[in-house]
Amino acid sequence: MGIVPKFLQKNDTVALVCTARKIEHSLVENARKHFESWGFQVIVGESATAEYFQYSGDDELRARDFQTQLDNPNVKAIICLRGGFGTARIVDRLNFSEFVKHPKWIVGYSDVTVIQNHVLKNFGVASLHAEMPLKFPIFGTDYKSAPANESLEAFKNALFGTFEPFCLQPNSLNKFGSAKAELVGGNLAILCSLLRSSSEIDTEGKILFLEDVGEYLYAIDRMMMTLKRAGKLEKLVGLAVGQFTNLKDNEASFGKTAYEIVAEHVVDYDYPVIFDIPAGHCEINKALVFGGIYTMNVSEKFAIMCL
């Protein structure tokens, strides 16, 4: 089990940063309002409002800002405002010596998978996969019945240490069985890009979570084959498959759905598989703890995964 940072309390401080693409300033302000309404003190990092072509500041600025929040013992959670591309460009510039002394939550998903996997692999510190403020509903609007509220509430509850179990309808591609192990994973494309680096994922004896967005179906197949050939699928004790959204196909159809592609690559392994976890690039993006111990139970009648 990873080192789990302390969950937050009211009046704790959170820092808003960008490690990759830039974000509209109005969305940063919207995020600040949400976090303050939950009782937090908010630091708006330098990278949150910086711009350098597509990035939220150049590599030096983004790394410097993230380092500042890592080193600040008063910051209890570093909230990544959005993903995109750019986190891999700064991860090797970061010094985690103070972070290890005072572990804190690193929150996000997508491109943030780089840092989340890096800190778990190298320092054993858990992180939080959760909705990013880029997709927060506008503060003060009536969104209580909208799917966005479920993601937002899951994010808020997770910061305070509350997680609802995933109780899912049966899926014909599920594989039955049970498992209890540390959860690792994140964005499929990012995990493949980290192979043979200091941030390479360790899957042995773990439950692996996968999600992705905007890829061609053949690319999903290629990436699953990459993980398989790298030995990242055979020694799992469980697989939890999140949402694969906005996928594309060629004029000559690939002939399989994303879930069918994933299922094909693990068919020969003897561990449970749950499909359709409501997490990833989707309307309902529930929170997960990478480095937390999860239990999976999958049968013909139900599929459950809980922390």
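Residues numbered from 1 in each chain as written. Predicted model: local features only at pLDDT ≥ 70, side-chain atom pairs only at ≥ 80, totals over all residues. Heavy atoms only, no water.

**What about the environment of Leu152?**
With respect to the helices and strands, Leu152 occurs in helix α5 (residues 147-159). A relative accessible area of 1% places Leu152 in the buried class. In this structure, the C-alpha to C-alpha distance between Leu152 and Asp58, residues 94 residues apart in sequence, is 30 Å. (Helix = DSSP H or I, 4+ residues; strand = E, 2+ residues; numbered from the N terminus. Buried < 20%, exposed > 50% of the residue type's maximum accessible area, 1.4 Å probe, protein only.)

**Let's talk about the nonpolar core**
Ranked by size, the top nonpolar core spans 74 residues in total, and within it Phe35 and Leu239 carry the most contacts. Apart from residues lying up to four places away in sequence, Leu239 is in contact with Ile207, Leu208, Leu210, Val262, Val266, Tyr271, Pro272, Val273, Ile274 and Met296. Counting 23 residues, the second-largest nonpolar core is a separate cluster that includes Ala15, Val17, Ile90 and Ile106. (Core = buried A, V, L, I, M, F, W, Y, C linked by side-chain atoms within 4.5 Å. Contact = heavy atoms within 4.5 Å.)

**Concerning the packing of aromatic side chains**
Tallied over the full model, the rule gives 17 aromatic pairs. Geometrically, the ring pair formed by Phe40 and Phe160 is stacked, given 5.2 Å between the ring centres and 20° between the ring planes. Placement of Phe40 in the loop between α1 (25-37) and β2 (41-44) and of Phe160 in the loop between α5 and β6 (166-168) is noted, with a sequence separation of 120 residues between them. Owing to a relative accessible area of 27%, Phe160 belongs among the partly exposed residues under this scheme. Within the aromatic cluster, the residues linked to one another by ring pairs are Phe35, Trp38, Phe136 and Phe155. The positively charged end of Lys175 is found above the aromatic ring belonging to Tyr271, 5.5 Å away from the centroid. (Phe/Tyr/Trp six-rings, centres within 6.5 Å; stacked < 30°, edge-to-face > 60°. Lys NZ or Arg CZ within 6 Å of the ring centre and 35° of its normal.)

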